[in-house]
Amino acid sequence: MELMKKILFLVFLISILTACNSVKHVAENEHLLAENIIFVDSVKSNTGELQKYILQKPNSRFLGIPFGLHIHNLGNHSKPKTPTEWGKKFPNTYTFIRSVFSEKQSIAYAKAFINLNNWYLSFDKPQLVDDIKVKRSAENLSAYFKTQGYFKSKVNARIQRDSIQKKAIVSYTVHKGKPTILDEISLDIKSEVLDSIYKSSGMTSLLKTGSQYRDETFRKEAKNVVKLFRNNGIYHFSESALGFYVDSTRSDFKTDVDFIISSNRLFEKDGEYIEKPFKVHSVKKVNVYTDYTFNRREEAVKDSVSYGGINFYAYDKVKYNPKYLSQAIFLKPNSIYKDTLRVLTRSHIKSLKNFKSTNIKFSPYQNKDDELEMDVFLTPTEKYTLGFETELTHSNIRNIGTSGKFSITNRNTFKGSELFKLSFLGSWFNSTVGPGWEVGTDVSIEIPRFVAPFGLSNFVPKEMSPRTLVSLGSSFQKNIGLDRQTFTFMTDFKWNYNSRKTIQLEIFNTQYVKNINVGRYFDIYRSEFNTLNEVGKVYNNNPNFSLPTDDTKFDSTLQFMNTVFGDSNFAATNPSEYTTNVNILNRFNIITSDFLIPILAYSYTYNNQSNFRDTNFSFFKIRVANSGNIMGLLSNNRNANDKRTFLNIPLAQYFKTDIEYKKFWDIGKSSVLGFRSFLGAIFTYDNSDIPFIKSYFAGGSNDIRAWQTYELGPGSRATGLEFNVGSLKFLTSAEYRFDIFSKLKGALFVDAGNIWDITGSSLVDEASRFKGLDSLSEIAIGSGFGARVDFSFLVVRLDVGFKTYEPYLSSKKWFSNYNFSNAVYNIGINYPF
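These numbers were taken from a predicted model, which means no experiment stands behind them.

1. Points about the overall build of the protein
Moving on, step 1. The secondary structure content of the protein amounts to 17 helices and 33 strands.
Moving on, step 2. Dimensions along the principal axes, computed over C-alpha positions, put the protein at roughly 105 × 80 × 70 Å.
Moving on, step 3. If you sum the accessible surface of the protein, you get close to 44000 Å²; carbon and sulfur atoms cover 55% of it.
Moving on, step 4. Charged side chains of the protein number 104 positive and 82 negative; the gap between the two group centres comes to 4 Å.

Next up, the structure:
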C-alpha cells in the first residue's frame, strides 16, 4: 500500500510537470525546437558525431521533461527589474510593507521577488527555431561529408512547424553519393636536406592508393611530416611548407594526389617577404633564468653559475642546484634541435611543482641562420604554501562526521626542487556508540629523481620523470573501533613510461597497527554480543541466559566463545549456532590483533585520457603486493596462536592483487556512458590472518550504492554485523550520465558485486566461502539514479541506490526491497568512478 502511494505521487508529480506550458514564453509566429532529426541515405542517424554540427539543440530533458525550461517559464520577462518599478507595479503591497516596517525593508522585500524572478529566468530559455541557423547547420553537415570524400553529397533541411502548439521539428536529409577514392599518389620534395631526412627515416605514408578520401588522413599525414622534420633539426618547418593537390571533379570518383614539400620557408622582414632554404639547426647556447618575472625582465642579473654547458641566471641569487635543475633541460648545448625535447623540457619542469610558469624562447645565435640560442624563463612558485582540506562524511557506521587536513609545503627544500610537506589531520564524528575523533601527523619529502644505492638511480631515464617519495606518519583514534594507533613509513618510486603509462614501486611501505582498547570490542560490535547471547540461550538450554554487562563483560564473553568453540558435542547437535560462534571468534581474533604490515608492491597504470574534458577514454590499473615475505625470512618467532611475529608483533603475510578497468564513451548530446570493473584477491600464507584494514568490503557511495559501507557480504551470508569483510572482491558498474539543465547533471546506474572468503580457514562458514562458478549466483545487484551539481572544480553528488537482487535472501531475491524505504542515499564528492 505504501509503495502504491509513492508510485501514485510520482505519477502525479510527473503529470503536473508534463502539463506545464513549455511554450509560455514563445511569441506568435515563433516555434520551440522540439527535435532535430538527421537522415543519411534515408536511414535515421542516432550518432552524436553528426549532432555536433547542428547549431541549435532542443532544451535539455530528463525523463522526457524539460525541467530547466519549466523553471524558466515560472519567471516573467515583463516583471519589474528594480525596486522602484516593483513599487509602481504593486503600490498597495509596497506601501503596506513600508508602513509596517521601513523603507529599507520594503526595498529588500521587493528585491527578494525580483531576485526570485531572475533566478527562474536564469534557467534554460526556450530554444526557438532560427532559419539562419538551420541553413548553417545544413551547410555544416554538407562540409563534413565532403571531408569524408563525398564531394557530390547534398543536404536538405526541412522545418515542420506546428502553429497550434508553437513547436517545430527540423529534419536534415543527407544524400552522400559515391565516395572519392585515392588513385595515384606522388611525393615531390624540393629540398635535398628535407629529402635526405625523409628517406633516411623510413617513414610510411598514411596516403594509400585505393583508400577513401578523408580530410583527417591528410591532416595526420601533414602532422607526421612536420613532426619528422622538426625532430631532425628543421626548426622553422611548419605545415605552410606542405601542399596537397587533389582533383575532385573526375567523373570516375577517383583522384590523384600530388604531395609537394617546399624547399624554402617564407617570412616577413621590414615589410618584405623573404624566402630562405630550410636548414638543420643546432642549439649552441642554453640560458636558464631561475627567478624570472615580467616586472623584472629589464633588470640586470645579479648571480650566475654554469653547469654542463648550461648557464643559470638569477635576478637575486641562484637558489636551485644546477646539477639537478639541468636534468630537466633536455636540449643541451651543441645538440641538434628536436621538438620533442623542447616539449619534454617544458613538461619535466612542470612536474617539478616548483615553478608557476615556464617560457622557452629561441633566437638566432650570433645572427647565424642555422644556430639557435635557447632561453628558459622560470617563474618560481612561493616557497612556502599552506593547504587546508575539509569534508563531511556519513555512513552506516558514522551518523555524521567532519574531517580536516592542514598542511605546510616547503619547496626546493635542499635546493634540488624537492617538496617537503608537513601535514596535520583531524576528524570528529558521532556514531552509534557515541562521539569519536582522530588526530594524526604526516611528514613527507618528494624528490624529482630516484634516490637509490648501487647505481639503481640510473635504472629509469630522466625523460620518464622518475620521482622518489619518502613518508613517515602516525595517527591516533579515540572511540573509533578499538582506539587504534597507527605508524606508517613508506618509500615510493614512480615514473612515467610514456604519456599514457605510469609505473610505481612501493619499497619498505611498512605500517604498524596497534589496538589500544581491545576491552571495548563488545561495546563497539554490539550485534555480535547480542548474537552470542542467542547462542548462549541454546548452549545453556536457558531462554533467560544473558552474558554479563558489568566490568567482567569482556573476559566473560571471551571465555564463553572459547568454551563453545572447544565443545565438539555442541558442534554436532547445534551446527548453526556453533558456526555462528566460530565466525564471531574468528573476527574477534583478526580485529583485535596488532599487526606489522611490511609491503612491497608494483603498480602499472594505463590512462589515455588526453585532458579532464575528454570523455572518450580507457583506464587500466593492476597492483601486485606482498606483505611480510622479507621480514618473515628474518624471524622464526611465533606467538600463542601460531602466528609468525617480528619484534613480538604479529606479521601480516599475504599476496594481494587488484585489477581495475574503466571505459567511457561519449554518446553525444552531452551524455556519457561509463563502465567500471574491479577484481581483487588476497592470498595468505604461513598461517597468517588478513589485517582488517587491508581486507575488502562492499557497499558505499563509490562501490555498490544500494548497500551501505561494510553492509554487504560475504557471499550469501546476511550477517547483520557492523563490519563485513572478505579476501576476494568483484565489482562492476555501468552508469549513464547526462545533462538536465545548467550545472545539474543526472545519472542512471547499475552496480553488481560482492565479497567472499578464500583463505580456506576452518573458522569461516560455508555461505561466506567462494565456491567457483556456483558463487556467481551470490553477486548482488543494485540500481538507481543520481543527481550531480558540477562546479567545474568539484562535483557534489547524491545517488539513490535500490536493492535489486539480494543473494542472501532465502526466497524472492529479485526486487523484494526495491523501494524508497529500503533505499540507500549516498552523498559523495566527484564521480564514483
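2. Observations regarding the pairing of strand β29 (residues 728-741)
Moving on, step 1. Burial of β29 is extensive: ten of the 14 residues sit out of reach of the surface.
Moving on, step 2. Examined bridge by bridge, β29 and strand β30 (residues 744-756) share 13 bridges and lie antiparallel to one another. Counterpart to T732 in the pairing with β30 is A752.
Moving on, step 3. Taken together, β29 and the strand that follows it, β30, pair antiparallel across an intervening segment of two residues, in which S742 is found at a positive phi of about 50°.

3. Thoughts on helix α16 (residues 575-592)
Moving on, step 1. Here α16 spans 26 Å end to end across 18 residues, near enough to the 26 Å set by a 1.5 Å rise per residue.
Moving on, step 2. Here α16 lies mainly inside the structure; 13 of its 18 residues are buried.

4. Comments concerning the sheet that holds strand β3 (residues 154-162)
Moving on, step 1. Sheet architecture is open: four strands sit in the order β2-β1-β4-β3, paired in mixed fashion. The open sheet has two free edges, formed respectively by β2 (43-45) and β3, since each of these has just one partner strand. Taken over all neighbouring pairs, the strand axes of this sheet differ in orientation by 30° on average, direction set aside.
Moving on, step 2. In this structure, β3 lies alongside strand β4 (residues 167-175), joined through nine bridges in antiparallel fashion. Directly across from A157, in β4, lies its bridge partner Y172.
Moving on, step 3. Set on the sheet, helix α7 (residues 131-147) makes contact with β1 (32-40), β3 and β4; between it and β3 the angle comes to about 150°.

5. Things to note about the sheet that holds strand β5 (residues 181-189)
Moving on, step 1. Pairing in this open sheet of three strands is mixed, and the strands run β5-β7-β6 from one edge to the other. Strand pairing shows two members of the sheet lacking a second neighbour, β5 and β6 (242-246), which therefore form its edges. Ignoring strand direction, the axes of neighbouring strands in this sheet form an average angle of 15°.
Moving on, step 2. Bridge count for β5 against strand β7 (residues 254-261) is seven bridges, and the pairing is parallel. By the bridge assignment, L182 is partnered in β7 with T255.
Moving on, step 3. Each of β5, β6 and β7 is contacted by helix α9 (residues 215-230), which is oriented at about 155° to β6, the strand it contacts most.

6. Section: the pattern of salt bridges
Two side chains bearing opposite charge may form a pair once their charged atoms approach each other closely.
Moving on, step 1. Within this structure, the stated rule accounts for 42 salt bridges.
Moving on, step 2. With a shortest N-O distance of 3.3 Å, E103 and R98 are connected by a salt bridge.
Moving on, step 3. With a relative accessible area of 36%, E103 lands in the partly exposed category.
Moving on, step 4. A salt bridge links K729 to D703; its shortest N-O distance comes to 2.5 Å. Note that K729 is positioned in strand β29 and D703 in the loop between β28 (671-684) and β29, a separation of 26 residues in sequence.
Moving on, step 5. Salt bridges sharing partners connect three or more residues here, namely R705, E735, R737, D751, R788, R797 and D799.

7. With respect to unusual backbone geometry
Moving on, step 1. Residue P714 is reached from G713 by a cis peptide bond, and omega for that bond is -5°.
Moving on, step 2. Summarising the element assignment, P714 is placed in the loop between β28 and β29.

8. Describing the confidence of the model for the protein
Moving on, step 1. On average, residues of the protein score 89 in pLDDT, and 95% of them are at 70 or above.
Moving on, step 2. Contacts from residues 15-19, a stretch scored under 50 in pLDDT, to residues over four places away or in other chains number four contacts.

9. Here we look at the packing of helix α8 (residues 192-201) against α9
Moving on, step 1. At a closest axis distance of 10 Å, the pairing of α8 and α9 adopts a crossing angle of 105°. Here α8 lies roughly perpendicular to α9, going by the angle between them. On α9, the residues touching L194, I197, Y198 and S201 of α8 are E221, V225, L228 and F229.

10. A few points about the packing of helix α13 (residues 526-539) against α16
Moving on, step 1. As a packed pair, α13 and α16 sit with axes 10 Å apart at the nearest point and diverge in direction by 145°. For the pair α13 and α16, the crossing hand works out as left-handed. Contacts between α13 and α16 involve E528, T531, L532, V535 and V538 from the former and E577, T580, N581, I584 and R587 from the latter.
Moving on, step 2. The class makeup of the residues in the contact of α13 with α16 is four nonpolar, three polar and three charged.

11. Let's talk about the pairing of strand β11 (residues 303-307)
Moving on, step 1. Sheet topology note: the β11/strand β12 (residues 310-314) ladder contains five bridges and is antiparallel. When the bridges of β12 are listed, V305 appears paired with F312.

12. Focus on the packing of aromatic side chains
Moving on, step 1. Considering all chains together, one arrives at 52 aromatic pairs under this definition.
Moving on, step 2. On the numbers, 6.3 Å between centres and 90° between planes, the contact of F459 with W495 is edge-to-face. Here F459, found in the loop between β19 (434-447) and β20 (467-478), pairs with W495, found in strand β21 (residues 484-496); they are 36 residues apart in sequence, far enough to count as distant.
Moving on, step 3. Take F459: its relative accessible area is 58%, and that puts it in the exposed class.
Moving on, step 4. Each ring, one from Y521 and one from F588, has its centre 4.9 Å from the other, and the planes form 85°; the classification is edge-to-face. Taken together, the residues span a long stretch of sequence, with Y521 in helix α12 (residues 521-524) and F588 in helix α16 at a distance of 67 residues.
Moving on, step 5. Across from the ring centre of Y235, 5.6 Å away, lies the NZ or CZ of R230, which sits over that ring.

13. A short note on the nonpolar core
Moving on, step 1. Judged by nonpolar contacts, the single largest core of 25 residues is most densely connected at Y521, F522, L532, F560 and M561.
Moving on, step 2. Top contributing element to this core by residue count: α16, with six residues.
Moving on, step 3. Setting aside anything within four residues of it in sequence, one finds L532 in contact with F522, L547, T557, F560, M561, N581 and I584.
Moving on, step 4. Listed in part, the 23 residues of the second largest apolar core include V283, V286, V288 and L352.

14. Comments concerning a nonpolar patch on the surface
Moving on, step 1. Residues W665, I667, L673, Y736, L748, F785, L798, F820, Y825 and I827 make up a contiguous nonpolar surface patch of roughly 890 Å² in combined accessible area.
Moving on, step 2. Secondary-structure elements contributing two or more residues to the nonpolar patch are β27 (654-668) and β33 (824-829).
Moving on, step 3. Take W665: its relative accessible area is 36%, and that puts it in the partly exposed class.

15. Some words on the side chain of T557
Moving on, step 1. Within the secondary structure, T557 sits in helix α14 (residues 553-565).
Moving on, step 2. For T557, the residues in contact, after removing those within four places along its chain, are F522, F529, L532 and L547.

16. Description of the environment of D799
Moving on, step 1. You can see D799 is positioned in strand β32 (residues 795-805).
Moving on, step 2. Measuring from C-alpha to C-alpha, the distance between D799 and L712 comes to 18 Å, with 87 residues separating the pair along the chain.
Moving on, step 3. Polar contacts involving the side chain of D799 include one to the side chain of R705, which spans 3.1 Å.
Moving on, step 4. Among the polar contacts listed, one links the side chain of D799 to the side chain of R797, at a separation of 2.8 Å.

17. Here's the deal with helix α6 (residues 103-121)
Moving on, step 1. Taking 1.5 Å as the rise per residue, α6 with 19 residues should run 27 Å; its terminal C-alpha atoms sit 27 Å apart, in good agreement.
Moving on, step 2. When α6 is considered as a whole, its buried residues turn out to be S106, A110, I114, N117, Y120 and L121. End-on, the buried residues of α6 take up no more than an arc of 115°, which puts them together on one face.
Moving on, step 3. Next to the buried residues of α6 lie α3 (67-73), α4 (83-89) and α5 (91-100).

Cut-off values and rules
- Residues numbered from 1 in each chain as written.
- Predicted model: local features only at pLDDT ≥ 70, side-chain atom pairs only at ≥ 80, totals over all residues.
- Heavy atoms only, no water.
- Helix = DSSP H or I, 4+ residues; strand = E, 2+ residues; numbered from the N terminus.
- Areas by Shrake-Rupley, 256 points an atom, 1.4 Å probe, with all protein chains shown as cover.
- Lys, Arg positive; Asp, Glu negative; His and termini not counted.
- Charge placed at Lys NZ, Arg CZ, Asp CG, Glu CD.
- Buried < 20%, exposed > 50% of the residue type's maximum accessible area, 1.4 Å probe, protein only.
- Pairing = 2+ DSSP bridges.
- Expected span 1.5 Å × (residues − 1).
- Axes fitted to C-alpha atoms, helices over the stretch in contact; angles between N-to-C directions.
- Contact = heavy atoms within 4.5 Å.
- Salt bridge = Lys/Arg side-chain N within 4 Å of Asp/Glu carboxyl O.
- pLDDT = per-residue confidence, 0-100.
- Parallel < 35°, antiparallel > 145°, perpendicular 65-115°, else oblique.
- Left-handed = near helix turned anticlockwise from the far one by under 90°.
- Nonpolar A, V, L, I, M, F, W, Y, C, P; charged D, E, K, R; others polar.
- Phe/Tyr/Trp six-rings, centres within 6.5 Å; stacked < 30°, edge-to-face > 60°.
- Lys NZ or Arg CZ within 6 Å of the ring centre and 35° of its normal.
- Core = buried A, V, L, I, M, F, W, Y, C linked by side-chain atoms within 4.5 Å.
- Patch = residues over 30% accessible without salt bridge, like charges linked within 9 Å, V, L, I, M, F, W, Y side chains within 5 Å.
- Polar contact = N/O pair within 3.5 Å; in protein donor to acceptor, adjacent residues only side chain to side chain.
- Arc of directions from axis to C-beta.

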